[in-house]
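# Examination of the molecular architecture
Each chain is listed here by its residues.
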Amino acid sequence: MSSKHAPPPLPEPLRVPVADSHTHLDMQDGTVEEGLGRAASVGVTTVVQVGCDLKGSRWAAETAAAYENVHAAVALHPNEAPRIVHGDPDGWSRQGAREGGGEAALDDALAEIDRLAALPQVRAVGETGLDYFRTGPEGMAAQERSFRAHVEIAKRHGKALVIHDREAHADVLRILAEEGAPERTVFHCYSGDAEMAEVCAAAGYFMSFAGNVTFKNAQPLRDALTIAPLELVLIETDAPFLTPAPYRGRPNAPYLIPVTLRAMADVRGIGEDAMAEAISANTARAFGY
């Protein structure tokens, strides 16, 4: 295997254990045990496993029930909602081509998310939100309806809300304000600038930074990290995506959290242990474990 595609090496372990606040173990190579073992060996002792559709959300809930150090988040990803309503002829979502089921199919799917959200090992409803990157106008209505429903589900069950916001900052913030955000709201893979970080901080939203904070062209993210109150900062891999530099383009996994954490500590001008202590406490508070 060329080193371009090989998994990156294990980083130096953290002295203070932390949590990966957003990962997709079901999309990573190897078994759950292997992934959790590698992570724990470098001080990443807890992970939040995030569902993006019904199948993935059921798997997240089952996996969190089986492993004490795995917590689940369940949701229909913003790109899943339009596929349920309008169909998915290209099989984009790894589930093959699908016919559209209309609004009734979205209602059924949301009812299942609601059922899963009641489970004790499910700590959050997400990832939900808006994604305008490849969504046309007809998809936006389905996304918004789904997002509003997820906000309501999270509040009713007293769970955290995990936001996916891609090229939709203003609308995401507007809908959260209109619906009334849950007490604990997390912007996963925070992608806003410093100005938006001020808005999130004022609202008490957590901002979770992923490996892309290490990318050369990501100065706006580093500026946001500088401004975000330390008690609202989380860390995540979003693995297998967004592998931090210098391993960009290779497979990501929870064991690479230390690489991103050290970069974040540098941006903040604080020690690695202080950064890890804050993140560890924040993640437990955000997800209520």
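This text goes with the structure placed above it.
These remarks concern the structure in this document. Residue indices begin from 1 for each chain and proceed along its sequence in written order. The model is predicted, so local features are restricted to residues of pLDDT at least 70 and side-chain atom pairs to those at 80 or more, both for listing and for counting; the totals for chains, interfaces and linings are taken over all residues. Just so you know, side-chain values use all the structure's heavy atoms and leave hydrogens and water out.

## Some words on the packing of aromatic side chains
In this description, a pair of aromatic rings is defined by centroid distance and the angle of the planes. Pairing of aromatic rings covers Phe, Tyr and Trp, the last counted by its six-membered ring, and requires centre-to-centre distances within 6.5 Å; plane angles under 30 degrees mean stacked, over 60 mean edge-to-face, and any other angle means tilted. Under the counting rule described, the total for this entry stands at two aromatic pairs. A centroid spacing of 5.7 Å and a plane angle of 35° characterise the contact between Phe-187 and Tyr-205, whose relative ring orientation is tilted. Placement of Phe-187 in strand β8 (residues 185-187) and of Tyr-205 in the loop between α7 (194-203) and β9 (206-209) is noted, with a sequence separation of 18 residues between them. Consider the rings of Tyr-190 and Phe-209, whose centres lie 5.5 Å apart with planes at 50°: the pair is tilted. One end of the pair, Tyr-190, is in the loop between β8 and α7; the other, Phe-209, is in strand β9, and 19 residues separate them in sequence. Think of it in three bands: with a 1.4 Å probe and only protein chains considered, a residue is buried below 20% of the maximum accessible area for its type, exposed above 50%, and partly exposed in between. Among the residues examined, Tyr-190 registers a relative accessible area of 1% and is labelled buried. Any Lys NZ or Arg CZ that is within 6 Å of a ring centre and within 35 degrees of that ring's normal is treated as a charge sitting over the ring. Above the face of the Phe-133 ring, Arg-166 is positioned so that its terminal group lies 3.6 Å from the ring centre. Note that Arg-248 overlies the ring of Phe-215, its terminal NZ or CZ placed 3.7 Å from the centroid. A run of DSSP states H or I qualifies as a helix once it reaches four residues; a run of E qualifies as a strand once it reaches two. Both are numbered from the N-terminal end.

## A short note on the packing of α7 against helix α8 (residues 219-227)
Packing of α7 against α8 brings their axes to within 8 Å, and their N-to-C directions diverge by 35°. You can see that α7 and α8 cross each other, and the crossing is right-handed. Residue-level contacts link Ala-194, Ala-197 and Glu-198 of α7 to Pro-220, Asp-223, Ala-224 and Ile-227 of α8. Just so you know the grouping, Ala, Val, Leu, Ile, Met, Phe, Trp, Tyr, Cys and Pro go in nonpolar, Asp, Glu, Lys and Arg go in charged, and all remaining residues, Gly too, go in polar. Split by residue class, the contact of α7 with α8 holds five nonpolar, no polar and two charged. Only the stretch in contact is used when fitting a helix axis, every axis being a line fitted to C-alpha atoms; angles between N-to-C directions are given from 0 to 180 degrees. Crossing chirality is assigned from the near helix's rotation relative to the far helix, an anticlockwise turn below a right angle marking it left-handed and a clockwise turn marking it right-handed. Contacts: residue pairs with any heavy atoms within 4.5 Å of one another.

## Regarding α7
Listing the buried residues of α7 in full gives Ala-194, Met-196, Ala-197 and Cys-200. Buried positions in α7, seen along its axis, are confined to an arc of 150° and lie on one side of it. Along α7, exposed side chains directed more than 90 degrees from the buried face belong to Glu-195 and Ala-202. Contact partners of the buried residues in α7: β7 (160-166), α6 (169-179), β8, β9 and α8. It is the directions from the helix axis to the C-beta atoms that the arc portrays.

The values are spatial; any link to function lies outside them.
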